[in-house]
Amino acid sequence: FDKDFGFCFFDKDMEAQIIREEQIKHELTLIEADENNGGLYLQYQPILDLKSNKVCGFEALARLKSEKLGVVSPLEFIPMAEKTKLIIPIGQKVIRQAFRFLNKLKVSGYSGLTVSINVSAIQLLRNDFNKKLFEMITEMQVNPADIGLEITESMFSDNYQEINRILGELKDSGIHIAIDDFGTGYSSLARERELHVSSLKIDKYFIDKLVSLKDERDVTSDIISMAHKLGHCVIAEGVEHEKQRQYLTNYGCDKIQGYLISKPLNEEAAIDILKNQTIKNNDCHSNDSRY
Ligand code: C2E
Ligand code: MG
Ligand code: MG
Ligand code: MG
């Protein structure tokens, strides 16, 4: 065997990776100019309110589809969009698309549901982020109380004061702010007190270990009770098994999201889920003081 074979193979792998990255970057540049958003589209994952046992909202999740690459995960293309700053125009497109879906829900007869949108740090820290968002809210006539923004915990490691000021302004307008992937990163519950957020989303990491590990169970139950003391709503991410739902219900968790309820869906399928629920107009945030 050629002793260089290993290196050769490695180079080929790297080369393929570089070509893939270039293709994705190219697809990302096509999104901005295209009225139809290029290969960008959103899927919507239902969030279930444990008290009413009804879907009370959706998380909007971005996907990128191209002929060459098929469907690319946001775990791959969002970091690239962030690095190239293309996340700024792409993020605007995501918000616009999510607002359109909100209006579609309204036209279909469903009100009081929240659509949550993931926002990157560099997007939020642009000094015109709030202004542009408020303009779009007015233009598209959406209710701020129907909008959720999800900010990952790791964003608070830098620019804590500035981010919290921006969040305060958003929260004052009625928009719901959630800390995403809670428990894995930087923020501490002690500091949640001063954060302008309305909910915490417990990361899948803890949910995965709920059934098997007592320590993780204790952490989850502590997060829930502390969050409630601070007046926050708690959402569990990545719930896949009935047993996990039972633990979370017992701990007083407010909402769950995960494959147990549904995978992320296209608009039509998302609306179908609502149709199959008996009561329309399930307004689950108006009477929930914690949200
Ligand atoms: P996230 O915001 O924490 O979203 C939850 C992720 O968990 C989604 O992955 C969702 O499909 C997945 N998930 C939900 N339930 C389950 C489950 O029961 N089991 C498993 N295994 N997975 C589950 P997805 O769609 O691949 O998104 C990954 C991440 O990409 C998101 O994590 C978010 O941080 C980021 N992202 C997605 N869309 C956007 C966007 O429009 N803008 C920004 N800035 N980031 C986005
Ligand atoms: Mg999220
Ligand atoms: Mg998350
Ligand atoms: Mg995540």
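Preceding block: the structure.
Residues numbered from 1 in each chain as written. Chains lettered and ligands numbered in written order. Predicted model: local features only at pLDDT ≥ 70, side-chain atom pairs only at ≥ 80, totals over all residues. Heavy atoms only, no water.

## Considerations on the nonpolar core
Now for step 1: Among the nonpolar cores identified, the biggest contains 75 residues, and Leu-28, Phe-99, Leu-105, Leu-124, Leu-149 and Leu-170 are the most heavily contacted of them.
Now for step 2: At 10 residues, the largest contribution of residues to this core is made by helix H3 (residues 87-107).
Now for step 3: Setting aside chain neighbours within four positions, we find Leu-170 in contact with Leu-124, Phe-129, Asn-130, Leu-133, Phe-134, Leu-149, Ile-175 and Ile-177. (Core = buried A, V, L, I, M, F, W, Y, C linked by side-chain atoms within 4.5 Å. Buried < 20%, exposed > 50% of the residue type's maximum accessible area, 1.4 Å probe, protein only. Helix = DSSP H or I, 4+ residues; strand = E, 2+ residues; numbered from the N terminus. Contact = heavy atoms within 4.5 Å.)

## So, the pairing of strand S6 (residues 176-182)
Now for step 1: Burial of S6 is extensive: six of the seven residues sit out of reach of the surface.
Now for step 2: Bridge count between strand S5 (residues 147-152) and S6: five bridges; the pairing is parallel. Pairing of Leu-149 across the sheet is with Ile-177, part of S6.
Now for step 3: Crossover S5 to S6 through helix H6 (residues 160-172) is right-handed.
Now for step 4: One ladder, built from three bridges, connects S6 with strand S7 (residues 199-202); its direction is parallel. Bridge pairing in S7 places Ala-178 opposite Ser-199. (Pairing = 2+ DSSP bridges. Right-handed = clockwise from strand over helix to strand, strands pointing away.)

## Observations regarding the site of ligand 1
Now for step 1: Taken together, the neighbourhood of ligand 1 is formed by 23 residues, with Arg-63, Ser-120, Asp-180, Glu-240 and Tyr-259 sitting nearest.
Now for step 2: Between Glu-59 and ligand 1, the recorded distance is 2.9 Å, taken from a side-chain N or O atom to an oxygen atom.
Now for step 3: When ligand 1 is considered free in solution it has 800 Å² of accessible area, and contact with the protein chains removes 83% of it.
Now for step 4: Contributing elements (two or more residues each) for the shell around ligand 1: strand S2 (54-66), helix H2 (74-83) and S6.
Now for step 5: The biggest single contributor to the shell around ligand 1 is S2, with four residues.
Now for step 6: Across the shell around ligand 1, the residue classes break down as 10 nonpolar, five polar and eight charged. (Near = heavy atom within 4 Å. Polar contact = N/O pair within 3.5 Å; in protein donor to acceptor, adjacent residues only side chain to side chain. Areas by Shrake-Rupley, 256 points an atom, 1.4 Å probe, with all protein chains shown as cover. Nonpolar A, V, L, I, M, F, W, Y, C, P; charged D, E, K, R; others polar.)

## Focus on the packing of aromatic side chains
Now for step 1: Across all of its chains, the model carries four aromatic pairs by this definition.
Now for step 2: Measuring from centroid to centroid gives 5.6 Å for Phe-58 and Phe-101, while their planes differ by 75°, and the two rings are edge-to-face. With Phe-58 in strand S2 and Phe-101 in helix H3, this residue pair connects regions lying 43 residues apart in the sequence. We note that Phe-58, like Phe-101, is buried.
Now for step 3: Where Tyr-205 meets Phe-206, the ring centres are 5.1 Å apart and the plane angle is 90°; that geometry is what we call edge-to-face.
Now for step 4: Residue classification places Phe-206 among the buried residues on the basis of a relative accessible area of 7%.
Now for step 5: Taken together, Tyr-44, Phe-58 and Phe-101 form an aromatic cluster joined through their ring pairs.
Now for step 6: Between Lys-263 and the ring centre of Tyr-259, over which it is positioned, the NZ or CZ distance is 4.8 Å. (Phe/Tyr/Trp six-rings, centres within 6.5 Å; stacked < 30°, edge-to-face > 60°. Lys NZ or Arg CZ within 6 Å of the ring centre and 35° of its normal.)

## Notes on the layout of surface pockets
Now for step 1: In this structure, the largest pocket encloses a volume near 1100 Å³.
Now for step 2: Along its surface, the largest pocket is lined by 37 residues, and Glu-59, Leu-61, Pro-74, Leu-75 and Asn-118 are the ones closest to its centre.
Now for step 3: Elements with a contribution of two residues or more to the lining of the largest pocket: strand S1 (40-49), S2, H2, H3, helix H4 (121-124), S5 and S6.
Now for step 4: For the lining of the largest pocket, the residue count by class is 16 nonpolar, 10 polar and 11 charged. (1 Å grid on protein atoms, 1.4 Å probe; cavity = no way out; pocket = protein on both sides within 12 Å on 5 of 7 lines; lining within 4 Å. Points joined across faces, edges and corners; volume = space filled by probe spheres on them.)

## Notes on unusual backbone geometry
Now for step 1: Of note in the backbone geometry, Asn-37 takes a positive phi value of approximately 70° without being a glycine.
Now for step 2: Relative to the elements of secondary structure, Asn-37 occurs in the loop between helix H1 (5-33) and S1.
Now for step 3: Judged by relative accessible area, Asn-37 falls into the buried class, the value being 8%.
Now for step 4: Even without glycine at this site, Lys-85 takes up a positive phi of about 70°.
Now for step 5: Position of Lys-85 among the secondary structure elements: in the loop between H2 and H3.

## Looking at the coordination of the magnesium ion (ligand 2)
The reference angle at a metal is 109.5 degrees if four donors form a tetrahedron and 90 or 180 degrees if six donors form an octahedron.
Now for step 1: The protein atoms that coordinate the magnesium ion (ligand 2) are Glu-59 (OE), Asn-118 (OD1), Glu-150 (OE) and Asp-180 (OD), at distances of 2.0 to 2.2 Å.
Now for step 2: Mapped onto the sequence, the donors of the magnesium ion (ligand 2) take the spacing E-x58-N-x31-E-x29-D.
Now for step 3: Between the magnesium ion (ligand 2) and the magnesium ion (ligand 3), a separation of 4.1 Å is found, and both are coordinated by Asp-180. Of the two residues, Glu-150 is situated in strand S5 and Asp-180 in strand S6; the sequence distance between them amounts to 30 residues. (Donors = N, O, S within 2.8 Å, 3.2 Å for Na, K, Ca; no water.)

## Re helix H5 (residues 129-140)
Now for step 1: Compared with an ideal rise of 1.5 Å per residue, which puts 12 residues at 16 Å, H5 spans 16 Å between its outermost C-alpha atoms and is within 8% of the ideal.
Now for step 2: The set of residues buried in H5 consists of Phe-129, Asn-130, Leu-133, Met-136, Ile-137 and Met-140. An end-on view of H5 places all buried positions within 125° of arc, on one side of the element. Turned more than 90 degrees from where H5 packs its buried face, Lys-131, Thr-138 and Glu-139 sit exposed.
Now for step 3: Its buried side turned inward, H5 meets H3, H4, S5 and H6.
Now for step 4: Phi turns positive, to about 55°, at Gln-141, one or two residues after H5. (Expected span 1.5 Å × (residues − 1). Arc of directions from axis to C-beta.)

This is a description of form; function is not addressed.
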